[in-house]
Amino acid sequence: MSNYINISKPIIKKEELKAVTDVLNSGSIVQGKKVMELENEFAKFCKTKYAVATNNGTSALHTALHSIGLKKDDEVITTPFTFVATANSILMAGAKPVFVDIDEKTYNLDPKKIQAAITTKTKALLVVNIYGQPVNYEEINKIAKKNKLIVVEDAAQSIDAEYKGKKSGSFADIACFSLYATKNIMCGEGGMITTNNNVYFEKARFFRQHGQDENKKYEYFGLGYNYRMMDLQAAIACVQLKRLQNITKQRQMNAQKYNRTFNGIKGLVVPYCDKNSSHVYHQYTLRITSEFPLSRKKFIEQLKEKGIQANIYYPIPLYSFPHLIPNGVKVSDFPVTIKAVQEVVSIPVHPSLSSHDVEFIIKTIINSSKL
Ligand SMILES: *Cc1c(COP(=O)(O)O)cnc(C)c1O
């Protein structure tokens, strides 16, 4: 189906093609000048002192959690309502994920429920700005300070989002981005760490490259991996970063069009946007409640029939997977997560949608609300 409207679409234009060709022609395609340029531009964009590029968002998370010095048996509090890489990275760093329920409006970790989960082993909070909306960092940083915890920001979905005038990537002690093909900016596979902490920065740089200092090869400061990004990828991301503000604007405009219409439809709950933050709509996620005439499953089928892809992010809470929580959790501690996994559905909001596409999606959903 040529007119099928996918939930995401990587933007690849003339500038990306030229950037890739230039790197290929330069004869040096792996980590080098372009990666350094991307790191500089990223740090400038997020207003952090440092940035470290990696080969994907998962390796960025693993590297960041290593850099903050997690040890075996340390506990890291996180959300069960996210992509699995968030929680897996805690295992990769040798620590233990501890899940806490989410906030009903933002779908982010609920600060009110964190204190009860803190033990003497708790070392860090790994918070996710889910769908592109920042967590309540005022509350999060207050809890962290009081309990001497390190805050790690999973910013894979929130590049360019703001909280009280600051950019995502600078809200916490250290932050991780993904540049995977479906994210707001991308380079196929890619990741980035941002921080103002020079110890974390140095550890991250070593860990990405076999535990070596780039300037002092064959001397190893500890275990490291090969988590390097290629110049080939960095060249694409550099182009996309320049376009980011327009990309964000386009996503926000599409979301506002949706909000205006869907707000008035019984049984649909539009995304909440906190007054202290800006939402960059990595996903535009509706809740389909029991007041809507169609079940969520039927709703998705209806859209698919009209050539529109709608997906569920995320259908299963992460505490359901034994590799993450061998002894399980008390599910009664997670009423909000349980409701969210049953009701959410995301529809296309990306900047490659034409205004005709957006109108068509709106019309299709209005019609389905009358079935
Ligand atoms: C995409 C994503 C990741 C992982 O990034 P990859 O680049 O795919 O490894 C981690 N956390 C969240 C919330 C994500 O959306």
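Cut-offs used in this document
- Residues numbered from 1 in each chain as written.
- Predicted model: local features only at pLDDT ≥ 70, side-chain atom pairs only at ≥ 80, totals over all residues.
- Heavy atoms only, no water.
- Helix = DSSP H or I, 4+ residues; strand = E, 2+ residues; numbered from the N terminus.
- Rg over C-alpha atoms; globule rule 2.2 N^0.38 Å.
- Buried < 20%, exposed > 50% of the residue type's maximum accessible area, 1.4 Å probe, protein only.
- Contact = heavy atoms within 4.5 Å.
- Areas by Shrake-Rupley, 256 points an atom, 1.4 Å probe, with all protein chains shown as cover.
- Lys, Arg positive; Asp, Glu negative; His and termini not counted.
- Charge placed at Lys NZ, Arg CZ, Asp CG, Glu CD.
- Salt bridge = Lys/Arg side-chain N within 4 Å of Asp/Glu carboxyl O.
- Phe/Tyr/Trp six-rings, centres within 6.5 Å; stacked < 30°, edge-to-face > 60°.
- Expected span 1.5 Å × (residues − 1).
- Bend = angle between axes of the 7 residues up to and from the residue.
- Disulfide = S-S within 2.5 Å.
- Pairing = 2+ DSSP bridges.
- Axes fitted to C-alpha atoms, helices over the stretch in contact; angles between N-to-C directions.
- Core = buried A, V, L, I, M, F, W, Y, C linked by side-chain atoms within 4.5 Å.
- Near = heavy atom within 4 Å.
- Polar contact = N/O pair within 3.5 Å; in protein donor to acceptor, adjacent residues only side chain to side chain.
- Domains from an automatic or database assignment.
- Buried area = accessible area lost by both parts, 1.4 Å probe.
- Nonpolar A, V, L, I, M, F, W, Y, C, P; charged D, E, K, R; others polar.

Let's shift gears to the overall build of the chain. Secondary structure summary: the chain contains ten helices and 15 strands in total. Relative to its length of 371 residues, the chain is compact, with a C-alpha radius of gyration of 21 Å against a globular reference of 21 Å. By its C-alpha atoms, the chain is 70 × 55 × 35 Å across when sized along the principal axes. Looking at the chain residue by residue over its 371 residues, the buried ones come to 56%. For the chain, the share of sequence-separated contacts (at least 6 apart) that also reach a separation of at least 24 residues comes to 71%. Summed over all atoms, the accessible surface of the chain reaches about 17,000 Å², with 53% contributed by carbon and sulfur. The centroid of the 49 positive side-chain charges in the chain is displaced by 2 Å from the centroid of its 34 negative side-chain charges.

Here we take up the environment of V341. With respect to the element layout, V341 can be found in helix α9 (residues 335–343). Look at V341 and you get buried, because its relative accessible area is 9%. The spacing of V341 and I312 is 29 residues in sequence and 7.9 Å in space, taken between C-alpha atoms. Not counting residues up to four positions away in its chain, the partners in contact with V341 are F81, R296, I312, Y314, P315, I316 and P317.

Let's shift gears to the pattern of salt bridges. On inspection of all chains with the given rule, the structure shows 20 salt bridges. The closest approach of N and O atoms between R208 and E214, which form a salt bridge, is 2.6 Å. Beyond isolated ion pairs, a larger network of salt bridges with shared partners links E39, R205, R208, D213 and E214.

Let's shift gears to the packing of aromatic side chains. This model, assessed by the stated rule, comprises 19 aromatic pairs. Seen from their ring centres, Y50 and F201 are 4.2 Å apart, and the 10° between their planes marks the pair as stacked. Here Y50 is found in strand β1 (residues 50–54), whereas its partner F201 is found in helix α6 (residues 198–208), with 151 residues between them in sequence. Members of the aromatic cluster, connected to one another through ring pairs, are F81, Y107, Y131, Y313 and Y314.

Below, the discussion takes up helix α7 (residues 231–262). Relative to the 46 Å expected for 32 residues at 1.5 Å per residue, α7 spans 43 Å between its end C-alpha atoms, a close match to the ideal helical length. Taking the largest bend as the criterion, α7 deviates by roughly 55°, centred on R243.

On to the state of the cysteines. Within this structure, the stated rule accounts for zero disulfides. Cysteine C46 shares no disulfide, and the gap to the nearest cysteine sulfur, in C176, comes to 12 Å. Residue class for C46 comes out buried when judged on its relative accessible area of 1%. With no disulfide of its own, C187 lies closest to C238 among cysteine sulfurs, the gap being 9.3 Å. By relative accessible area, C187 is classed as buried at 6%.

As a further point, take the sheet that holds strand β3 (residues 96–99). Ordered by their spatial adjacency, seven strands build an open sheet running β1-β9-β8-β5-β4-β2-β3, and the pairing between neighbours is mixed. Two strands bound the open sheet, and with one partner strand each, they are β1 and β3. Shown here is a sheet whose adjacent strand axes are inclined to one another by a mean of 25°, direction ignored. The pairing of strand β2 (residues 75–78) with β3 spans four bridges and is classified as parallel. The residue bridging T78 from the neighbouring strand is F99, located in β3.

Cis rather than trans, the peptide bond between Y313 and Y314 has omega equal to 10°. Take Y314: it is sitting in the loop between α8 (296–305) and α9. Of note, the phi angle at D160 is positive, near 80°, even though the residue is not glycine. In this fold, D160 is placed in the loop between β5 (150–154) and β6 (162–163).

Here the focus is the nonpolar core. Of all hydrophobic cores here, the largest spans 26 residues; its most connected members are Y258, F262, Y284, F299 and I347. Residue assignment for this core shows that the elements contributing at least two residues are α7, β14 (284–288), α8, β15 (344–347) and α10 (355–368). In terms of residue count, α10 provides more of this core than any other element does, four residues in total. Sequence-distant contacts of I347, that is, excluding residues within four places in its chain, are made with I7, Y258, F262, Y284, L286, L303, Q309, A310, I361 and I365.

Not every one of the 16 residues close to the ligand is listed here, only the nearest: G57, T58, D154, S178 and K183. Here an oxygen atom of the ligand sits 2.7 Å away from a polar atom, N or O, in the main chain of G57. For the ligand, an oxygen atom lies 2.7 Å from a polar atom in the side chain of S178. For the ligand, whose unbound accessible area comes to 380 Å², protein coverage reaches 93%.

Right, let's get into the domain arrangement of the chain. Entries for the chain in the domain assignment read domain 1 (14–242) and domain 2 (244–368). One C-alpha centre belongs to domain 1, the other to domain 2; they are set 25 Å apart. Contacts between the two partners involve 41 residues from domain 1 and, on the opposite side, 36 residues from domain 2. Regarding the contact of domain 1 and domain 2, the summed buried area is about 3,300 Å², with carbon and sulfur atoms giving 61% of it. Ranking the residues of domain 1 by area buried against domain 2 places F99, Y131 and N184 at the top, with a combined share of 21%. Salt-bridge contacts for E104 lead to K339; the nearest nitrogen and oxygen are separated by 3.8 Å. Scanning the region where domain 1 abuts domain 2 turns up 20 residue pairs in polar contact (both at pLDDT 80 or more). Mapped onto the side of domain 1 that touches domain 2, the elements with two or more residues apiece are α4 (84–92), β3, β6 and α7. Here the residues of the side of domain 1 that touches domain 2 are counted per class, giving 20 nonpolar, eleven polar and ten charged.

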